[in-house]
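# Coordinate inspection notes
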Amino acid sequence: MINKELLLKNLRNVPDFPVKGIQFKDVSTLFKSPVCLKMMVDELYEIYKDKGITKVVGIESRGFVVGGALAYKLGAGFVMCRKPGKLPAETRRCTYMKEYGEDSIEIHSDAINSQDVVLLHDDLLATGGSMKAAMNLVKEFRPRKIYINFLIELRIEGLIGREQFEGVAEITRLLEI
Ligand code: AMP
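It should be emphasised that the depicted structure is a prediction, and the values quoted were computed from it without experimental measurement.

Attention now goes to the sheet that holds strand S7 (residues 117–125). Each strand in a sheet pairs with its neighbour through backbone hydrogen bonds, running either in the same direction (parallel) or in the opposite one (antiparallel). With parallel pairing, five strands are arranged side by side in an open sheet as S4-S3-S7-S8-S9. Edge positions in the sheet fall to strand S4 (77–81) and strand S9 (170–176), since each of these pairs with one other strand and no more. Across this sheet, the average inter-strand angle for adjacent strands is 20°, counted without regard to direction. Here strand S3 (residues 55–59) runs beside S4; their pairing, made up of five bridges, is parallel. In the strand pairing of S4, Val57 is matched with Val79. Contacts between helix H4 (residues 63–74) and the sheet are confined to S3, S4, S7 and strand S8 (145–153), with S4 contributing the most and set at about 160° to the helix.

On to the side chain of Asp123, then. Mapped onto the elements of the fold, Asp123 is located in strand S7. Judged by its relative accessible area of 5%, Asp123 is buried. Excluding its chain neighbours within four sequence positions, the residues that come into contact with Asp123 are Val27, Arg62, Gly63, Phe150, Leu151 and Ile152.

The local shell around the ligand holds 14 residues, among which Arg62, Asp123, Thr127, Gly128 and Ser130 are the closest. Here an oxygen atom of the ligand and a side-chain polar atom of Ser130 are 2.6 Å apart. Considering the ligand on its own, with 480 Å² of exposed area, one finds that the protein chains cover 82% of that surface. Comparing atom positions with the cavity grids shows the ligand to sit within the largest pocket.

Thresholds, definitions, all that
- Residues numbered from 1 in each chain as written.
- Predicted model: local features only at pLDDT ≥ 70, side-chain atom pairs only at ≥ 80, totals over all residues.
- Heavy atoms only, no water.
- Pairing = 2+ DSSP bridges.
- Helix = DSSP H or I, 4+ residues; strand = E, 2+ residues; numbered from the N terminus.
- Axes fitted to C-alpha atoms, helices over the stretch in contact; angles between N-to-C directions.
- Contact = heavy atoms within 4.5 Å.
- Buried < 20%, exposed > 50% of the residue type's maximum accessible area, 1.4 Å probe, protein only.
- Near = heavy atom within 4 Å.
- Polar contact = N/O pair within 3.5 Å; in protein donor to acceptor, adjacent residues only side chain to side chain.
- Areas by Shrake-Rupley, 256 points an atom, 1.4 Å probe, with all protein chains shown as cover.
- 1 Å grid on protein atoms, 1.4 Å probe; cavity = no way out; pocket = protein on both sides within 12 Å on 5 of 7 lines; lining within 4 Å.
- Sits in = over half its atoms within 2 Å of the grid points.

Worth remembering: the numbers are spatial, not functional.
Put into structure tokens, the structure is as follows:
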């Protein structure tokens, strides 16, 4: 069973990081706790164990931690979505708008096939820009189905993160703050 209070207690808030005005939700304090790490992976396993997931796609870099452990537990493969220039073989790239300027993410061109059922995973949903870019990349492979998970959904007035995925992919999160 998930204990949301315990998870929230172990999540560190860092004010004004990386720039003034941002309340940074530092999941490293959740990852370093053996109890919290296990609780998150076990809970996600319960949610996704019967969905036929064949690939978990983690978004760099905090999406690699729970994503990798979950892929192992689900008996699925693990795929990395990375910042440009990090993946060594042929890649596909998606460029998206951030609050200030542009950013891009890449995935290996042979990472997914049309038989896959994909679970996209990241630590936190804010504007949804990075997950939408990752989803668009994954969609190009025409997998059988796409699921999306975040550990944390940030609910801030004016943020439309979740709305971008409604009707497109089933989305879950463990904590909402
Ligand atoms: P977004 O694309 O706006 O949904 O931002 C999500 C990505 O940025 C995730 O990979 C998060 O790790 C990171 N991120 C954005 N805002 C925060 C925040 N307030 N605290 C921690 N991580 C954040």
